[in-house]
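Coordinate analysis (summary)
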Amino acid sequence: MSAAMRRRAVLALPYLWLVLFFLVPFLIALKISVADSVIGIPPYSPLVEAGAQGWHLHLSADSYDRLASDDLYALAYLNAVEFAAVSTVFCLLLGYPLAYGIVRAPQRRRSLLLLLVILPFWTSFLIRVYAWIGLLNGNGVINSALLALGIIHQPLSLLNNAFAVYVGIVYSYLPFMVLPLYAQLEKLDPALLEAAADLGCRPWQAFCRVTLPLSLPGIAAGALLVFIPAVGEFVIPDLLGGPNTLMIGKVLWDEFFANHDWPMAAAVAIAMLVVLVVPMGLIRRLLQGETA
Amino acid sequence: MIAPAATRPAPQASYLRIEGVAKRFAPGVPAAVDGVSLDIAAGEFFALLGPSGCGKTTLLRMLAGFETPDEGRILIDGVDMAGVPPYRRPVNMMFQSYALFPHMTAAANVGFGLKQDGVPAAEREARVAAMLDLVKLARLAGRKPHQLSGGERQRVALARALAQEPKLVLLDEPLAALDRKLREETRFELVRIQQRVGITFLMVTHDQEEAMSMASRIAVMAQGRIVQLGTPQEIYETPANRFVADFIGGVNLFEGRVLRAQGGLLEVECAEAGTTLFVEHGALPAGSAVAVAVRPEKLVLAPPAGAVNRLQGRVRGAAYRGEASTYEVELAGGKLLRVTLVNAARRAPPYGAGEAVALAFAPAAAVVLAP
């Protein structure tokens, strides 16, 4: 095998992976989204039907029509994007100082601190979200403590609202913000900060003019890693958000499991992909402008 | 070499004054800088020369404000720098790694400090253009550091260090990252620029040739102390001790004992040389243990008969270096000497391995070092 062929073979592997596990499922979802919901197994009409005039393609825009006409979906998308965007900002505000602190910590303590960031992953995500119910409940740990200390006289309503969803998302996705930021900040040459100080920058000015712009790729990577899964998040709003929290992930779940409307669920999923591709493209363009 | 040290005015008023500065990084370890005092005049090109770990970089970082001295004072133009943070010192540094901001163009790097100082945009642009012109990089102003060669990056770093017109420019191994040919060209360039801007330069280097060819004065450092201070010529021709003699250029050392002093000559009994050596030197008491140091280029091969300090040996090997050849000569007692001979004529090296040779040096060509 020639070197060029070997190179192509190596490159073919990730492509093969993407085609098998991303493109093919995507096309299947696309196919289901243009079918009609029927009672049966599978619960949707076939793409190609044999009729009296021979084979013909069966395409239906019903699901997309409903998606566009029913405000519920638009609202759910907007809510999900808002939840995800605000949570991403909070993750950044918490994660940046955390990552910065770890980078600045003495070498021997750094791996321990990183381990602490990753430690929650050793427990099931679901269990950790349930644990928050115990913390945020009307008679949960936080309320009990505040009552006992006499700071409040009535339990705060911390659960089954937007606040709880934010707490859940920020808590769950914080490591995805910290790790890429850490990787980026760790690469920063300390001599650059000395150079900035030498040229007249106070520490916070050096941060604004050197550290922050040079950590943009890490911020972008962390923001995408938080934002994308947060938009489609189902478990957190379902468990912590209560019945009034409307997020697209929950709508999708309901269409699929409660209504058994596979075409509608598929259409919701396809639309969500489109909703996510736009911010990703924007961030990519922003970064390319930065490094050009 | 570039600016003969002897023709330069001797330093007058002290511009940078270092008084008994010491720095210890941890208790129990030897001090990195151990009581250094120096006076550097305005407009001087000064070099701190020494092997790695001698404390020269620590001293430089204390001048920039990145390290705080444990003892002593640093005064720049009469102002005590104690407690003055790096961003308020009238000092700019050219970092060994250059430390250029990778997200900024060459022009933005050079203008970084001016922008921080709040210099208006028009004035800033003019100044950046002038600086880039000075280092001959005007046409690359819009490039980012990763689009520049090593030599170009070095010049951006220099322009950046000069842009704010500091009172003192610190250069940390300014040429170390360049390849040999570029390094030699850049020496001249750096001296030319320093003379044009007239700013005081303080360079740190481990390369004696670099220090000697660029600086007007040199402080040789070892183990946190200054072991000799002088012009390049003083340091090369009259090293103060064995360390300096050995560190600056090659040297042949003969261990011996003073027999007597007579008429400005010292007679040294030397078993290694197999003869008594005569060296121009002030009187020393008879019996003092001394070393006679002779530079390889000051030894003469095949001297006329009857020459003083005449030695007999055999050529062990020769290294042809183009402009000169270095011979290794073994004396009868086994002592190895290095002799450098300029290859003045286009022919094969005149001496081959195994050949018996006579060599000698003039009494004025050697230096007596106390042990």
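In the block above lies the structure referred to throughout.
As the structure is a computational prediction, the values presented were derived from the model and not from experiment.

Cut-offs and rules
Residues numbered from 1 in each chain as written. Chains lettered and ligands numbered in written order. Predicted model: local features only at pLDDT ≥ 70, side-chain atom pairs only at ≥ 80, totals over all residues. Heavy atoms only, no water. Salt bridge = Lys/Arg side-chain N within 4 Å of Asp/Glu carboxyl O. Helix = DSSP H or I, 4+ residues; strand = E, 2+ residues; numbered from the N terminus. Pairing = 2+ DSSP bridges. Phe/Tyr/Trp six-rings, centres within 6.5 Å; stacked < 30°, edge-to-face > 60°. Buried < 20%, exposed > 50% of the residue type's maximum accessible area, 1.4 Å probe, protein only. Lys NZ or Arg CZ within 6 Å of the ring centre and 35° of its normal.

A few points about the pattern of salt bridges
All names here are of chain B.
- Under the counting rule described, the total for this entry stands at 24 salt bridges over all chains.
- Two residues, Lys136 and Glu189, come together in a salt bridge whose shortest N-O distance is 3.7 Å. You can see Lys136 sitting in the loop between α3 (121-134) and α4 (150-163) and its partner Glu189 sitting in helix α5 (residues 180-197), a full 53 residues away along the chain.
- The closest approach of N and O atoms between Lys335 and Glu272, which form a salt bridge, is 3.7 Å. Remark: Glu272 occurs in the loop between β12 (265-270) and β13 (275-280) and Lys335 occurs in the loop between β17 (324-331) and β18 (336-342); sequence separation between them is 63 residues.
- The network of salt bridges with common partners includes Arg17, Glu19, Asp39, Arg73 and Asp80.

Quick word on the sheet that holds strand β15 (residues 300-301) of chain B
Residues and elements named next belong to chain B.
- Read from one edge to the other, the open sheet built from 5 strands follows the order β15-β19-β16-β17-β18, with strand pairing classed as antiparallel. The two strands at the open ends of the sheet, each matched to only one other strand, are β15 and β18.
- Relative to β17, strand β16 (residues 310-320) runs antiparallel, the two being bridged by 7 bridges. Its bridge partner being in β17, Ala319 is matched across the sheet by Thr326.

Topic: the packing of aromatic side chains
- Counted according to the given criterion, the structure contains 19 aromatic pairs over all chains.
- Consider the rings of A:Trp17 and A:Phe21, whose centres lie 4.8 Å apart with planes at 50 degrees: the pair is tilted. Placement of both A:Trp17 and A:Phe21 in helix α1 (residues 3-33) is noted, with a separation of 4 residues, approximately one turn of the helix. Each member of the pair A:Trp17 and A:Phe21 is classed as exposed.
- Taken together, the ring pairs in this structure connect A:Tyr44, A:Phe234, A:Trp253, A:Phe256, A:Phe257 and A:Trp262 into an aromatic cluster.
- The residue whose ring lies beneath B:Arg160 is B:Phe101, and the NZ or CZ to ring-centre distance is 4.8 Å.
- The side chain of B:Arg295 reaches across the aromatic face of B:Tyr236, ending 4.0 Å from its centre.

Notes on the environment of B:Ala82
All names here are of chain B.
- Counting through the fold element by element, Ala82 comes out in the loop between β5 (79-80) and β6 (91-94).
- Exposure remark for Ala82: the relative accessible area of 61% places this residue in the exposed category.
- For the pair Ala82 and Val367, spaced 285 residues apart in sequence, the C-alpha separation works out to 42 Å.

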